[in-house]
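Below are the chains, spelled out letter by letter.
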Amino acid sequence: MVQADACRRYALDQNLGPVADYTDDALSGKSGVHRPEFERLKADIGRGIVKSVVCYRSDRLSRDTLDMLVFNRLITQHGVSSHSVSEGGRIDLDTAAGRMQAGIRGIFGAYEREQTAERVVAKQRYQAQQGMVAPGRYRLYGYADKKREEIDPAEAKVVVQLAHDFLRGLPLYALAVDLNSRGIPKRSGATWEPKDIRRLLLNPAYTGLRSFQGEIVAEGKWPKIIERDLWDRLQLELKRRKGRQRITKASHLLSGLLYCANCHTKLAAGKNGKYESYICPTPKGCGKVSRSRKPINDTIEMLTMLQIRRLPIMPKAADRTELDKIESDIELLSEARKANRIDMVTFLDQNEALQKQRSKLAVVLANDVMLSTLSGRAGQFQRSPMDEKRETIRRFFPAIGIKPAGRGVKFNIKQLELPEPVGYCRVEAI
């Protein structure tokens, strides 16, 4: 308010008439930022209400050169005088020299803003490369304080459980519903939403990694909650499910999984007469497929249980030798960077190459873990909630083609061909 008071005193001393304030608190004058009071000022100038404009300094009006040129043209067209308290009083826009001086002030204002922004980014990058916690107003869920010096045991348990439940097949919205039903709030006290769960599972800070502008740049200086292997599997699963995570609860077991075998259109749930059915919709689809919902649901559930039972009870342990070596190399590289034994460019290049190798190996290990997770769970699958069933079914049958029944043909499970149990399959024998 010091600058505003100085502007008021100047207006009174210069007998500029009644004073009105146009103040955009905490809003930057850089290009692209909408400032309601600045826009109101320009509108009032256009209506002839304003006779003089007083600012503490030229860049208080705007730090964008183009904005200042447009503003100066506006006040010139309407005969409005311009004054700067800290820059010698009235700004002369009636002469070429005065306009040049005003333009130079605008350029220096933009230069100062950009230089400040560069210094801020450079400081943030340095802090990230040193593994320091990013400054912020709030603490990260799972930690007892903003500096992450200690873990909150209860919240950390929730984080780990979310990670395991998501890998078991539960969708994001189901995880959010479960937390809310158990009365577990977010850090702010609000209820959970699917986007909150996704953001939590994506955050590399939980595995002790420091990121900057979307890239991991160093090992963090705080205790980790999630092991790196678990976090890597989460990233693979999040990527696999990207674009098909539901925000609302699915109404039917096979919604989004069934396709018309004729035209490849996704089937919709509906009614064929009095029967609950999966139907190829028109006009998007051919409309030639309509199958009773319950027999389809029961059959796909049965096929999924058969696939689970055919998994090896004791899968062969994954060979972690190569992955352990790469992880060791990544750790040694990070330590070398912290000790300034290598420059940042070398660190980033070598780290990127190692991370790519690590990701490829993680895919193989994730598939082995999936077999271990599902093995022997046929009974549990049958008793699980519908949403968990959907995700388990999707692991084996991401796309299920449904053929027309044909006139007078009864549904016969024996006619189904069992798909191979390894990898993802497509069923088109219904």
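Summarised in this report is the structure supplied together with it. (Residues numbered from 1 in each chain as written. Predicted model: local features only at pLDDT ≥ 70, side-chain atom pairs only at ≥ 80, totals over all residues. Heavy atoms only, no water.)

Some points on the overall build of the chain
Logical step 1: Each helix and strand counted, the chain has 13 helices and eleven strands in total.
Logical step 2: Counting across all 430 residues of the chain, residues that qualify as buried make up 39%. (Helix = DSSP H or I, 4+ residues; strand = E, 2+ residues; numbered from the N terminus. Buried < 20%, exposed > 50% of the residue type's maximum accessible area, 1.4 Å probe, protein only.)

Considerations on the layout of surface pockets
Logical step 1: In this structure, the second largest pocket encloses a volume near 800 Å³.
Logical step 2: Surrounding the second largest pocket, 22 residues form its lining, G214, I216, W231, Q355 and S359 being those nearest its centre.
Logical step 3: Per element, the largest residue contribution to the lining of the second largest pocket is eight residues, and it comes from helix α11 (residues 344-374).
Logical step 4: Taken together, the residues that form the lining of the second largest pocket break down as eight nonpolar, six polar and eight charged. (1 Å grid on protein atoms, 1.4 Å probe; cavity = no way out; pocket = protein on both sides within 12 Å on 5 of 7 lines; lining within 4 Å. Points joined across faces, edges and corners; volume = space filled by probe spheres on them. Nonpolar A, V, L, I, M, F, W, Y, C, P; charged D, E, K, R; others polar.)

Here we look at the pattern of salt bridges
Side-chain pairs of opposite charge can arise where the charged atoms are in close proximity.
Logical step 1: In total, this model carries 19 salt bridges according to the counting rule given.
Logical step 2: E227 serves as the salt-bridge partner of K224, at 3.4 Å between the closest nitrogen and oxygen.
Logical step 3: Residue K224 is classed as partly exposed on the basis of its relative accessible area, which comes to 41%.
Logical step 4: For D329, the salt bridge goes to K325, with nearest N and O atoms at 3.4 Å. Of this pair, D329 and K325 both sit in helix α10 (residues 321-338), four residues apart, roughly one helical turn.
Logical step 5: One salt-bridge network, held together by shared partners, links E37, R40, D44 and R47. (Salt bridge = Lys/Arg side-chain N within 4 Å of Asp/Glu carboxyl O.)

Some points on the packing of helix α5 (residues 153-167) against helix α7 (residues 194-202)
Logical step 1: Running from N to C, α5 and α7 point in directions that differ by 100°, and their axes come no closer than 11 Å. By the angle between their axes, α5 is roughly perpendicular relative to α7. Within the contact between the two elements, α5 uses V159, L162, A163 and F166 and α7 uses I197, L200 and L201. (Axes fitted to C-alpha atoms, helices over the stretch in contact; angles between N-to-C directions. Parallel < 35°, antiparallel > 145°, perpendicular 65-115°, else oblique. Contact = heavy atoms within 4.5 Å.)

Observations concerning the environment of S255
Logical step 1: With respect to the element layout, S255 can be found in the loop between α8 (228-241) and β6 (258-260).
Logical step 2: For S255, a relative accessible area of 18% puts it in the buried group.
Logical step 3: Taking C-alpha positions, S255 is 8.7 Å from R390, a pair spaced 135 residues apart along the chain.

Concerning the sheet that holds strand β7 (residues 268-272)
Sheets are built from strands that pair by backbone hydrogen bonding, the pairs being arranged parallel or antiparallel.
Logical step 1: Strand order in this open sheet of three strands is β7-β8-β9, and the pairing throughout is antiparallel. Unpaired on one side and paired on the other, β7 and β9 (290-292) mark the two borders of the sheet. Averaged over all adjacent pairs, the angle separating strand axes in this sheet is 45°, with direction ignored.
Logical step 2: Relative to β9, strand β8 (residues 275-279) runs antiparallel, the two being bridged by three bridges. If you follow I279 over to β9, its bridge partner there is S290. (Pairing = 2+ DSSP bridges.)

Overview of the pairing of β7
Logical step 1: Judged from the five bridges that link them, β7 and β8 form a sheet pairing that is antiparallel. Bridge pairing links A268 to I279 in β8.

Side note on the sheet that holds strand β1 (residues 52-55)
Logical step 1: The three strands are arranged β1-β2-β3 in an open sheet whose pairing can be described as mixed. One side of each edge strand has no neighbouring strand; the edge strands of this open sheet are β1 and β3 (89-91). Strand-to-strand twist of the sheet, defined as the mean angle between neighbouring strand axes without regard to direction, takes the value 30°.
Logical step 2: Sheet topology places strand β2 (residues 81-84) next to β3; three bridges connect them, and they run antiparallel. Residue S84 lies in a different strand from β3, and its bridge partner there is G89.
Logical step 3: Sitting on the sheet, helix α1 (residues 2-13) is in contact with β1, β2 and β3, with an inclination near 140° to β1.

Topic: helix α13 (residues 386-396)
The α-helix winds at 3.6 residues per turn, so residues separated by three or four positions along the chain end up facing the same way.
Logical step 1: Among the eleven residues in α13, ten count as buried, and that is most of the element.
Logical step 2: What α13 keeps buried is the set D387, E388, K389, R390, E391, T392, I393, R394, R395 and F396.

Considering the packing of aromatic side chains
Logical step 1: Counted by the stated rule, this structure contains four aromatic pairs.
Logical step 2: Centroid distance F38 to F71: 5.5 Å. Interplanar angle 35°. Geometry classified as tilted. One end of the pair, F38, is in helix α2 (residues 36-46); the other, F71, is in helix α3 (residues 65-77), with 33 residues separating them in the sequence.
Logical step 3: The exposure class of F38 is buried, given its relative accessible area of 7%.
Logical step 4: Look at F71 and you get buried, because its relative accessible area is 1%.
Logical step 5: Their ring planes at 90° and their centres at 5.2 Å tell us that Y141 and W192 sit as a pair that is edge-to-face. With Y141 in the loop between α4 (96-129) and α5 and W192 in the loop between α6 (172-181) and α7, this residue pair connects regions lying 51 residues apart in the sequence.
Logical step 6: Classification of W192 as buried rests on a relative accessible area of 6%.
Logical step 7: Sitting above the plane of the W222 ring, R148 keeps its charged end 4.7 Å from the centroid. (Phe/Tyr/Trp six-rings, centres within 6.5 Å; stacked < 30°, edge-to-face > 60°. Lys NZ or Arg CZ within 6 Å of the ring centre and 35° of its normal.)

What about helix α9 (residues 293-309)?
Logical step 1: Here α9 contains 17 residues, and its C-alpha end-to-end distance of 25 Å stays within 8% of the 24 Å for a straight helix at 1.5 Å per residue.
Logical step 2: Of all the residues in α9, the buried ones are R293, I296, N297, T299, I300, E301, L303, T304, M305, Q307 and I308. (Expected span 1.5 Å × (residues − 1).)

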